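# Fold and contact review
Now for the letters of each chain:
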Amino acid sequence: MISSSQIKAARALLGWTALDLAERSGIGPATLRRWELQEGIPAAKIQSLMMVKEALENTGIEFTGDPLVNPGVILHLDHQRK
């Protein structure tokens, strides 16, 4: 699972807007913005969160830590060059 702060951090590392992530994940931009305003794990269907997680991981994002206690995000730049 991923947290709201991890979604925001991943977007920031990639330089993506909510619209960019929406296009790549299939989740509406308004929904993404609403999730990012929440604390912890967004109140959403697991399948929807997994779509966002997969879209970000496909670009080189790695989610680390416990999303509720010590959420983290790493960007693997070498993945982006492929």
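Here the structure is a predicted model, which is why all the values come from computation and not from measurement. (Residues numbered from 1 in each chain as written. Predicted model: local features only at pLDDT ≥ 70, side-chain atom pairs only at ≥ 80, totals over all residues. Heavy atoms only, no water.)

## Comments concerning the side chain of Ser25
Threshold: Labels follow the DSSP assignment, with helices taken as runs of H or I lasting at least four residues and strands as runs of E lasting at least two, numbered in each case from the N terminus. Side-chain atoms alone can form a polar contact between residues adjacent in sequence; in general such a contact is a pair of N or O atoms within 3.5 Å, and within protein one must be able to donate a hydrogen while the other accepts it. In what follows, a contact means two residues having at least one pair of non-hydrogen atoms within 4.5 Å.
Structurally, Ser25 is set in helix 2 (residues 18-25). For Ser25, the side chain forms a polar contact with the main-chain oxygen of Leu21, separated by 2.8 Å. In contact with Ser25, other than residues within four places in its own chain, are Leu32, Met51, Val52 and Ala55.

## Focus on the packing of aromatic side chains
The condition that has to hold: Two rings belonging to Phe, Tyr or Trp (six-membered ring only in the last case) form a pair when the distance between their centres is within 6.5 Å. Interplanar angles under 30 degrees mark stacking, angles over 60 mark edge-to-face geometry, and anything in between is tilted. Note on criteria: charge over ring means Lys NZ or Arg CZ within 6 Å of the ring centre, with the direction from the centre no more than 35 degrees off the ring normal.
Under the defined criterion, the tally for this structure stands at 0 aromatic pairs. The lysine or arginine in question, Arg24, covers the ring of Trp16, its NZ or CZ lying 4.3 Å from the ring centre.

## Here we look at a nonpolar patch on the surface
Note the following rule: Distance thresholds for patches are 9 Å for like charges and 5 Å for nonpolar side chains (Val, Leu, Ile, Met, Phe, Trp, Tyr), applied to residues having over 30% relative accessible area and no salt bridge. For the area figures, the Shrake-Rupley method with a 1.4 Å probe applies, and any residue is considered shielded solely by the protein chains shown. Here a salt bridge means any side-chain nitrogen of Lys or Arg lying within 4 Å of a carboxyl oxygen belonging to Asp or Glu.
Together, Met1, Ile41, Ile46, Met50, Leu68 and Val69 line one region of the surface with nonpolar side chains, adding up to about 570 Å² of accessible area. When you line up the elements, Leu68 lands in the loop between strand 1 (61-64) and strand 2 (72-75).

## A look at the nonpolar core
Inclusion rule: Nonpolar core, defined: a set of buried Ala, Val, Leu, Ile, Met, Phe, Trp, Tyr and Cys residues in which side-chain atoms within 4.5 Å join the residues together. Burial classification: accessible surface area is computed with a 1.4 Å probe over protein chains only, and a residue below 20% of its type maximum counts as buried, one above 50% as exposed, and the rest as partly exposed.
One finds Leu21, Leu32, Trp35, Val52, Leu56 and Ile61 to be the most contacted residues of the largest nonpolar core, which totals 17 residues. Within the residue set of this core, elements represented by two or more residues are helix 1 (4-14), helix 2, helix 3 (29-37), helix 4 (46-57) and strand 1. When residues in this core are grouped by element, the largest group, 4 residues, is from helix 4. Among residues more than four places away in sequence, those in contact with Ile61 are Ala10, Leu13, Leu14, Leu56, Val73, Ile74 and Leu75.

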